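# Examination of the molecular architecture
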Amino acid sequence: MNAIERYFGINGDNTTIKTEIVAGITTFLTMAYIIFVNPNVLADAGMDKGAVFVATCVAAAVGCFIMGIYARLPVALAPGMGLNAFFTYGVVLGMGYAWQTALGAVFLSGCIFVLLSLFKIREAIINAIPNSLKNGVVAGIGAFLAFIALQSAGIIVNHDATLVALGDMTSFGSVLASLGFVVIIGLSYKRVPGAVTIGILLVALISLLMGYTQFNGIISAPPSIAPTLMQLDIAGAFDVGMISVIFAFLFVDLFDTAGTLIATTSQAKLTDKDGNIPNMGKALLADSTATVAGSLLGTSSTTSYIESISGIASGGRTGLMAVTVGVLFLLSIFFSPLAGMIPAYATAGAIFYVAVLMMGTLKDIDWSDLTEAAPVVVVLLFTPLTYSIADGIALGFITFTAVKAISGKFADISIAVWLLTLVLLVKIIFL
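These figures come from a predicted structure and were not determined experimentally.

Time to look at the packing of helix 2 (residues 17–31) against helix 14 (residues 319–331). Across the interface, helix 2 lies against helix 14 with an axial gap of 8 Å and an inter-helix angle of 50 degrees. The angle between helix 2 and helix 14 places the two elements in the oblique class. Both helix 2 and helix 14 take part in a crossing whose hand is right-handed. Residues Ile 17, Glu 20, Ile 21, Ala 23, Gly 24, Ile 25, Thr 27, Phe 28 and Met 31 of helix 2 pack against Leu 320, Met 321, Thr 324, Val 325, Leu 328 and Phe 329 of helix 14. The residue inventory of the contact of helix 2 with helix 14, partitioned by class, reads 11 nonpolar, three polar and one charged.

Structural data, given as C-alpha cells:
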C-alpha cells in the first residue's frame, strides 16, 4: 500500500486510497452508458455488436490505465460520443466508406495526434483555431447527436415533402425514449451518481417487463472480439476523400481532450498559479495512444471524459482514480447479455442528454459580433442538416474566413486558418 501511495502521490492529506477507489467507482457509474450506447451506434455501421462491446470496454480500460499510471491524472477515457456518431452516420452511411476504412482513418488520426503530442505542436494548433469555431464545432456535434437520437427513437421520421416530420409520439419507443431523457435530466439535476446509466437501465427494464425485449441473462463469457480486432483498412484510409475525415476525427478529439483536461484538472485544483496542467504532454499522449489502440481493437476514437469531474467531486485527485475506472471497464466485458438487451430507444435519451450538454458551449459565443456568431450558426445548422461533422466544420471555417476578410478584420485570421480554409475549399470544390 505504501508503494501505491508513493507512486500516485497519496499522502493522506488531500486524498486516500479508499477515496480514490470510491471516486473511480463514481466516475465509472456516470460514464458506463458508453458500453451500451457505443455498440448500438457502431452496429448501424455494420459492425458486430458483441465485438464492439468488448472493444469499447477494453479500449476504455487501456486509456484509463495509461492516463492513470503514466500521466497520473484523475481523468477517465472511453470511446467518445459524437466521434462514434460521425464514424457511423457521417463516414460509413453518409460517405459510403466501409467501416474497416473508417477504422483506418481513426488509426491515422490517432497516429497524427501522437506525433502532435510528442513534438508539442498541440498548443500552436489550438491557439490558431478561433474560440468561436471551437465552441461552434462542439455545439454542432451536439445538434447532430440530438438529431440522431430523435431518429433512433422514431420521434423524427422521413417525409417526402418536407424531408423530416414529427413521428408517432405515442409509439412505445418514442414514449420510452422521452421517459429516459426526462429521468436522466431530473437525476442529473439532483446530482445522482450514474444518472445516465440509471435512465438507460430503467427504460430497458420497462421494455423487458412489457415484452418488447427478450431476457438473455446478465453475466456470460465475453463475446468474441475477432470480427473487429485488427480489421482496420489503413491503405483505404489514404484515399484523398478521407483527408477531411481524418482531420475531423483529429480536430474533435484534440479539442475535446484539451477542454476536458482543463476542466477536470482545474476542478481538482491540480493546475499551477498560471493555470498550467501537470503532465499535460503525458495526458495528451495517453489520449492519443488510446485512440490508436481502440482502432486496432475495433472502435471509434477514444477520448477523455468530462464525467471524470463526478469522481473529482467525490475526492479523486490522482491517477489511481483512473486506474479504478479501467478495472471496472474490464470487469464489464462479462456483462454482454445485459448490453445486448438495451434497445436503441433506451439509449436515445442518453444521447439527447449528451447533446444538451454539448450545446452549452453556445453561451460563450459573442452574439453581438456577427463575424463571430455567423460561422457558429453555419456549423450548428449544417452539421446535422448535411449529416456530416466534416462538412459542418469545413463550411464553418470557410464562412469565418470569408466574413472576417470582407469585414476587414484580417487580424482575426491566422495563417493556419487561411491554410485550413484553402484546403477545405479545395476539398468541397473538387472532392
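With that settled, consider the side chain of Thr 213. Relative to the elements of secondary structure, Thr 213 occurs in the loop between helix 10 (195–209) and helix 11 (243–267). At 2.5 Å, the side chain of Thr 213 and the side chain of Ser 207 are in polar contact. With near-sequence residues (within four places) excluded, Thr 213 lies in contact with Ser 207, Leu 208, Met 341, Pro 343 and Tyr 345.

According to the stated counting rule, one finds five salt bridges in the structure shown. Between Lys 409 and Asp 369 there is a salt bridge; the shortest N-O distance is 2.9 Å. Within this pair, whereas Lys 409 is found in the loop between helix 18 (389–406) and helix 19 (415–430), its partner Asp 369 is found in the loop between helix 16 (344–359) and helix 17 (370–385), the two being separated by 40 residues in sequence. For Asp 369, a relative accessible area of 19% translates into the label buried. Salt-bridge contacts for Lys 409 lead to Asp 412; the nearest nitrogen and oxygen are separated by 3.9 Å. Judged by relative accessible area, Lys 409 falls into the partly exposed class, the value being 28%. Given a relative accessible area of 35%, Asp 412 falls into the partly exposed group.

A few words now on unusual backbone geometry. One non-glycine residue with positive phi stands out, namely Leu 163, at about 75 degrees. One can find Leu 163 in strand 3 (residues 163–166). Of the residues examined, Leu 163 reaches a relative accessible area of 67% and is grouped as exposed. Here the phi dihedral of Arg 191 falls at roughly 60 degrees; this positive angle occurs in a residue that is not glycine.

Per the counting criterion, the structure on display carries six aromatic pairs. For the pair Phe 28 and Phe 329, a centre-to-centre distance of 5.1 Å together with 80 degrees between the ring planes defines the contact as edge-to-face. A residue pair is termed long-range when its members are at least 10 positions apart, and Phe 28 in helix 2 and Phe 329 in helix 14 qualify at 301 residues. Take Phe 28: its relative accessible area is 11%, and that puts it in the buried class. Summarising the aromatic geometry, the rings of Phe 172 and Tyr 345 are spaced 5.7 Å apart at their centres and angled 90 degrees between planes, so their arrangement reads as edge-to-face. With Phe 172 in helix 9 (residues 172–189) and Tyr 345 in helix 16, this residue pair connects regions lying 173 residues apart in the sequence. By relative accessible area, which is 18% here, Phe 172 ends up buried. An aromatic cluster is defined as three or more aromatic residues linked by ring pairs; in this entry it consists of Phe 172, Tyr 212 and Tyr 345. Seen from the ring of Tyr 70, Lys 282 lies directly overhead, with NZ or CZ sitting 5.2 Å from the centre.

What counts, and where the lines are drawn
Residues numbered from 1 in each chain as written. Predicted model: local features only at pLDDT ≥ 70, side-chain atom pairs only at ≥ 80, totals over all residues. Heavy atoms only, no water. Axes fitted to C-alpha atoms, helices over the stretch in contact; angles between N-to-C directions. Helix = DSSP H or I, 4+ residues; strand = E, 2+ residues; numbered from the N terminus. Parallel < 35°, antiparallel > 145°, perpendicular 65-115°, else oblique. Left-handed = near helix turned anticlockwise from the far one by under 90°. Contact = heavy atoms within 4.5 Å. Nonpolar A, V, L, I, M, F, W, Y, C, P; charged D, E, K, R; others polar. Polar contact = N/O pair within 3.5 Å; in protein donor to acceptor, adjacent residues only side chain to side chain. Salt bridge = Lys/Arg side-chain N within 4 Å of Asp/Glu carboxyl O. Buried < 20%, exposed > 50% of the residue type's maximum accessible area, 1.4 Å probe, protein only. Phe/Tyr/Trp six-rings, centres within 6.5 Å; stacked < 30°, edge-to-face > 60°. Lys NZ or Arg CZ within 6 Å of the ring centre and 35° of its normal.

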